[in-house]
Amino acid sequence: MRLLIVEDEKRLATTLAKGLAAEGFAVDVAHDGREGLHLATTQGYDLLLLDIMLPGMNGYRVCAALRAAGDETPILMLTAKDGEYDEAEGLDTGADDYLTKPFSYVVLLARVRALLRRRTRGGNPVLRLGDLVLDPNGHRCARGEEEIPLTAKEFAVLEYLASRSGHVVSKAEILEHVWDFAYDGDPNIIEVYISALRRKIDAPFGRRSITTVRGAGYRLAADRG
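In every chain, residue numbers begin from 1 and rise along the written sequence. Totals for whole chains, interfaces and linings use all residues, but because this is a predicted model, local features are given only for residues with pLDDT of at least 70 and pairs of side-chain atoms are given and counted only at 80 or more. The side-chain quantities take in all heavy atoms of the structure and omit both hydrogens and water.

Novice: Looking at this model, I keep getting lost on the nonpolar core. Mind explaining?
Specialist: Considering soluble globular proteins, one finds that nonpolar side chains tend to be buried as a cluster. We call a set of buried Ala, Val, Leu, Ile, Met, Phe, Trp, Tyr and Cys residues a nonpolar core when their side-chain atoms join them within 4.5 Å. In this scheme, a residue with accessible area under 20% of its type's maximum is buried, one over 50% is exposed, and one in between is partly exposed, where area comes from a 1.4 Å probe on protein chains only. Counting 25 residues, the largest nonpolar core has Cys-141, Val-157, Leu-158, Leu-161 and Ile-174 as its most contacted members. Secondary structure elements follow DSSP: runs of H or I of four or more residues count as helices, runs of E of two or more count as strands, with numbering from the N terminus. Mapped by element, the contributors of at least two residues to this core are strand E7 (132-135), helix H6 (152-163), helix H7 (171-178), helix H8 (189-202) and strand E12 (217-220). A per-element tally of this core places H6 first, with seven residues. By size, the runner-up hydrophobic cluster in this structure holds 20 residues, among which are Leu-4, Ala-30, Cys-63 and Leu-66.

See below:
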């Protein structure tokens, strides 16, 4: 899943981005309100972490502009302010949750996961392809009754493939949704992760659920062996 942090405290933004990336999220960062609004309206995000006190355009205005445009992306507002009126103003502009600095990273991560769960509440968040089960909320992967340990990035790649099961997904699409906007490394890194996933979810079980479509990308589909 892809997140946007709009935070002018660069040290805090960097720390949050590194922590969330380690959890398997793709994370972009903006340091002022106008840049944040531009990214939010031109890129696809699953959640925004939005500071209130921003240069250029404050978080209230950014949030209000997104909601006025019909953007329903979950927004978690961050602020050094404290008080029920500040919280009320943030929620009134359309924010989904509110966190006052200083905050615990563990609490922030829990809020992020809760908002993402809430967004998928209308459907079944557990992804099933034959006997392959992927639970994004519990960060759990299993083939039948056997648990399969995955790294955060392996899980993120597999989750995106599973969300598009049956469809061909290009390397560029995987990079866009699993790596951050600023990634400029070798796109062949995708091949490394696909190989690792095949070794973990397919080879031990005699399956071929991840197939390569030459010149186009990869397809994940149920394979019962």
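Novice: Would you mind going over the sheet that holds strand E10 (residues 168-169) with me for this structure?
Specialist: Strand pairing within a sheet occurs via backbone hydrogen bonds; the two strands may be parallel or antiparallel. The strand order across the open sheet formed by three strands is E10-E12-E11, and the pairing between neighbours is antiparallel. The sheet terminates laterally at E10 and strand E11 (210-213), the two strands that pair on one side only. At least two bridges found by DSSP between two strands is the condition for calling them paired. Two strands pair when backbone bridges link them, and E10 and E12 are joined in this way by two bridges, in the antiparallel orientation. When the bridges of E12 are listed, Val-169 appears paired with Tyr-218. Here, two residues are considered to be in contact whenever any of their heavy atoms come within 4.5 Å of each other. Lines fitted to the C-alpha atoms define the axes, with helices restricted to the stretch that makes contact. Angles between their N-to-C directions range from 0 to 180 degrees. Against the sheet, H8 touches E11 and E12, its axis set at about 145° to E11.

Novice: What is the right way to read the environment of Glu-145 from this model?
Specialist: By the element assignment, Glu-145 lies in the loop between strand E8 (140-143) and strand E9 (146-147). Separated by 14 residues in the primary sequence, Glu-145 and Asp-131 have C-alpha atoms spaced 8.7 Å apart.

Novice: Hey, could you run me through the side chain of Arg-143 in this one?
Specialist: By the secondary structure assignment, Arg-143 is in strand E8. Here the side chain of Arg-143 touches Ile-201 through a polar contact of 2.7 Å, landing on its backbone oxygen. Within the local environment of Arg-143, its side chain forms a polar contact with the side chain of Asp-202, the two groups lying 3.0 Å apart. Those residues in contact with Arg-143, other than ones at most four positions away along the chain, are Leu-129, Asp-131, Leu-132, Ile-148, Ile-201, Asp-202, Phe-205, Arg-207, Ser-209 and Asp-223. In protein, a polar contact requires one atom able to donate a hydrogen and another able to accept it; more generally it is a pair of N or O atoms within 3.5 Å, and residues adjacent in sequence count only if both atoms are side-chain atoms.

Novice: Explain the sheet that holds strand E1 (residues 2-6) to me, please; I cannot follow it from the model alone.
Specialist: An order of E2-E1-E3-E4-E5 is seen for the five strands of this open sheet, with the pairing classed as parallel. Where the open sheet ends on each side, the last strands, each with one partner, are strand E2 (26-30) and strand E5 (97-100). Sheet twist, expressed as the average angle between the axes of neighbouring strands with direction ignored, equals 20°. With five bridges connecting them, E1 and E2 associate as parallel partners. Within E2, the position partnered with Leu-3 by the bridge is Val-27.

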